[in-house]
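Chain by chain, the residues:
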Amino acid sequence: MIKRITILSILLLISTLSFTQNKHVQAADNAFEKEYYSTAIEKYKKAYSKTKKNRVERARIASRLGDCYSLTGKEKNAESQYKAAIRGKYDKRDSTVILKYANVLRFNEKYDLAKEQYLAYLDIVPGDPLALAGLESCEKITEWLKNPDKCEITTIKTINSKNSDFSPTWGDLSYTSIIFTSSREAAKGKQNDEWTGEKFSDIFVASHDVKGKWSQPVPIDEENIINTSANEGTPSTNYRGNRLYYTYCPDSKDIYVGCRIYVARRNGKTYSDPKEVKLGGDSTCVSGHPALTDDELTIVFASERIGGLGGKDLYVATRESTNSDFGTPINLGNKINTKGNEMFPHFRNDSTLYFASDGHPGLGGLDIFYVYLDRNKIPQSLPINVGAPINSSSDDFGILFHPEKNEGYFSSNRKGGRGGDDIYGFVVPPLEFTLTGTITDEKTLQYVHGAKVVITGTDGSIIQSITNNNGEYIFSASQLKPETTYDIIIEKDNYLTITGKETTVGLSTSENFVRDFILSPIPDQPVVLPDILYDFAKWDLKPQYQDSLQGLITTLNLNPTIVIELASHTDMIGSIESNDALSQRRAESVVDYLIQRGINSRRLVAKGYGERKPRTLHKDYTINGNFFAQGTTLTEDYINGLSTQSAKDAANQLNRRTEFSIISKDFVSDEIALQNESIDDVRGIINIVIDPNKNYINYVVTKDNKTVSKCIANGYTLNFEYEERMSDNYISQAKAIDFLRKGVITIDDVEGDATRAISQGSIADRTKIIIKTMRFGSKEIENIPVVVNSKIPYDLVLNKKTLDRVGMVIFDEGSKLIIFE
């Protein structure tokens, strides 16, 4: 009997203990399900103490405690509870506890440990976006914190309380007051919110004077029309400051009533009765955190709706007028919304949307991001993290920008604050950009003085800088603007023009751009184009070799004043006559293609040289195992002397080429020429190729019976008068000064004492100068002496002796040609 009584007593005790234990757990779970997380913490702690022998249940309770602590902003407590849950193998029942543990470790700045947990979770759930974002955050956190923005952060002690203060908006049109959310003791309700453990939040207002001294915050309205015993918060005022939009969350013990967005009209210091903002679609959905465009016709808000991408998503809705309801909300999509939470939206100038997210890679819990919007308020970019110091390892959210300045306020529960969430001020120094660099000569490696650097911005600005003696150019911070792309053009006489590009678009920090450029002098020698191969005895330009001419097209487009000769060369197989004709046709096929691509035909001269100009190699070549040394001239005798047919074929291949030479640097287009009022007698001289194997130039006879033609001197087209019996050649003083200013001639080209002949901006009459090159048709001569003469009407006067250096001079009076035999 005694034994039976003892067993019965033990069973009754176990039953009583089990009932008591289940009662505490059930009460805690009920509070958790109602989102009374602060209340649930105390109940779970009591339940935990009653379940000492049930390891499985203790691990579950630890996980729930971790959730409650995390949801009430107590991340250190959450860390220890999640760790205990994993130690109790709760992760075998619910692997998400590993992800939650990793998140709080990152929040608590334990990045290496957090990485381990993210990787462990990814082993279980490969590709999970939240784990991948967290892992990326841990890997980049050092870099992000190493290069914070130059942003000044200030704590506003007068505004912040020992409780939570967050989500400011402007309280007046002078931007000297803010309206914000607070759960301070002065809030209207007498009870505490069982989620936070603090008083139900109300909306408060505070202002500062001209010296920046803040007043003590007070409830937004004395009549308590806005503030109730429940939660009000996340206010947003319209552009005119006469409407207040905010989130209202009724407190009901009996049924769950979600948050809604309300609006009240302001009249002085009083407000009208609030009305719910009707959002199309499911009216039972929880919605809050309103942000409206200046015209109040578009609203972005946070909501948990069926079909969302994660926790709280951002949605957008529009309406026809401020008196009508909004249409069906549209999810802003996966550029913004994640598997996590996106909340606290804020429009800046209607073109940029700021918001807080814990689903994108960031520094801590909630980070502040922004995206650019199109005219329909659709995101046009991926979210950009505003970075440190505004973002931290804690929760950062609820940002507010001054409409006219790069400053404002934001909310954070970071270390060093006064309460839970605090309001901080920030000032971002103005974005400043500079562009500097040096210009260097490719051949001499010396700095280029006097080069013109022009930048053209997408904002329509055109700014110029000239390089100094050290080849330096500079564009200051007052000249470069944010969100602008600049095309850079570098020009100088006797150099090929080059271009570049720089942009400030998307940059959130100031930057000093450094771009050095190398200018290539206009080449004196022919430039061999990339291989252009033809079928045997054919001259059609094959499509696969048209890309070889793209570089030349770019050069011609960037340098609109140069005229080139396109020369085609053959090997020495076949007759001279057939090779001459074939090479001419091949050169013409290249010219035709360039004309089709928009190059002015007057800038192109086709010349077929056949086999007449064997190639002299300017570098070493190895073709099919056959070596050819720099300096070798591939003459017929040289090729015939090669020991193998393979070597002869390779040499012939090198001789087959197309190359271009710059024969003039001062081409003037037809449009510009028509605008030039100084029309002279030789305007109509255009050299038309009749027989490519003959060298000739056109001439005219002027009204005063002068024979006048054109030549190219040092790369510039000049008019010359032919005087058969003249002993000297002459250059006009005006043209000599022009050449001197352009650097076409220098003191090295002056015979005698140059310091006596040349003064600032002038050159003395009778000064003898050497012109390095003169081109007549297809032939060029060198080192031509000319004498400066202030009285001649044309650029040059040339005698018979000079033209005889080109070839025996024959005048065809019928065709008006000077033929050089």
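First, a word on scope: everything that follows refers to the structure included in this document. Predicted model, so just to flag it, every value in this text is computed and none were measured.

Let's talk about the overall build of the protein
Logical step 1: Of regular secondary structure, the protein possesses 15 helices and 46 strands.
Logical step 2: A globule of 821 residues ought to have a C-alpha radius of gyration of about 28 Å, yet the protein, at 42 Å, is considerably larger.
Logical step 3: Structurally, the protein occupies a C-alpha span of about 150 × 70 × 50 Å along its principal axes.
Logical step 4: Contacts spanning at least 24 positions in sequence make up 54% of the contacts within the protein whose residues lie at least 6 apart.
Logical step 5: For the protein, the accessible area works out to roughly 41900 Å², and carbon and sulfur atoms hold 50% of it.
Logical step 6: Seen as two clouds, the 99 positive and the 109 negative side-chain charges of the protein have centres 7 Å apart.

Observations concerning the state of the cysteines
Logical step 1: With the rule as written, the count across this model stands at one disulfide.
Logical step 2: Disulfide pairing is shown between C249 and C259; the S-S distance is 1.9 Å. Looking along the S-S bond of the C249-C259 disulfide, the torsion reads about 110°, which is the right-handed sense. With C249 in strand β7 (residues 243-249) and C259 in the loop between β7 and β8 (260-267), this residue pair connects regions lying 10 residues apart in the sequence.
Logical step 3: Overall, C249 belongs to the buried group, its relative accessible area being 17%.
Logical step 4: Owing to a relative accessible area of 19%, C259 belongs among the buried residues under this scheme.
Logical step 5: With no disulfide of its own, C285 has C259 as its nearest cysteine by sulfur position, at a separation of 13 Å.

As for helix α11 (residues 645-655)
Logical step 1: Within the span of α11, buried status applies to A647, A650, A651, N652, L654 and N655.
Logical step 2: Residues of α11 that are buried in the fold lie against β31 (563-569), β33 (621-623), β34 (626-628), α10 (636-640) and β35 (657-664).

Considerations on the sheet that holds β31
Logical step 1: Taken together, the four strands give an open sheet; going across it, the order is β30-β35-β31-β32, and neighbouring strands pair in mixed fashion. The open sheet has two edge strands, β30 (527-528) and β32 (604-610), and neither has a second partner.
Logical step 2: Sitting on the sheet, helix α9 (residues 576-596) is in contact with β31, β32 and β35, with an inclination near 155° to β32.

Details of the packing of aromatic side chains
Logical step 1: Summed over all chains, the structure comprises 26 aromatic pairs.
Logical step 2: The interplanar angle of 70° and the centroid separation of 5.3 Å between the aromatic rings of W170 and Y175 together place this pair among those described as edge-to-face.
Logical step 3: Taking the relative accessible area as the measure of exposure, W170 reaches 11% and is therefore buried.
Logical step 4: Summarising the aromatic geometry, the rings of F344 and F397 are spaced 4.6 Å apart at their centres and angled 40° between planes, so their arrangement reads as tilted. Here F397 lies in strand β19 (residues 396-401) and F344 lies in strand β15 (residues 342-348), a separation of 53 residues in the sequence.

Some words on helix α8 (residues 550-558)
Logical step 1: Residues of α8 that are buried: L552, I553 and L556. Angular distribution of buried residues about the axis of α8 spans 100°; they occupy a single face of the element.

So, unusual backbone geometry
Logical step 1: Cis geometry marks the peptide bond from A388 to P389, where omega comes out at 10°.
Logical step 2: Mapped onto the elements, P389 comes out in the loop between β18 (384-385) and β19.
Logical step 3: A positive phi angle, close to 55°, is found at E483, a residue other than glycine.
Logical step 4: When you line up the elements, E483 lands in the loop between β25 (472-475) and β26 (485-491).

What counts as what
- Residues numbered from 1 in each chain as written.
- Predicted model: local features only at pLDDT ≥ 70, side-chain atom pairs only at ≥ 80, totals over all residues.
- Heavy atoms only, no water.
- Helix = DSSP H or I, 4+ residues; strand = E, 2+ residues; numbered from the N terminus.
- Rg over C-alpha atoms; globule rule 2.2 N^0.38 Å.
- Contact = heavy atoms within 4.5 Å.
- Areas by Shrake-Rupley, 256 points an atom, 1.4 Å probe, with all protein chains shown as cover.
- Lys, Arg positive; Asp, Glu negative; His and termini not counted.
- Charge placed at Lys NZ, Arg CZ, Asp CG, Glu CD.
- Disulfide = S-S within 2.5 Å.
- Buried < 20%, exposed > 50% of the residue type's maximum accessible area, 1.4 Å probe, protein only.
- Pairing = 2+ DSSP bridges.
- Axes fitted to C-alpha atoms, helices over the stretch in contact; angles between N-to-C directions.
- Phe/Tyr/Trp six-rings, centres within 6.5 Å; stacked < 30°, edge-to-face > 60°.
- Arc of directions from axis to C-beta.

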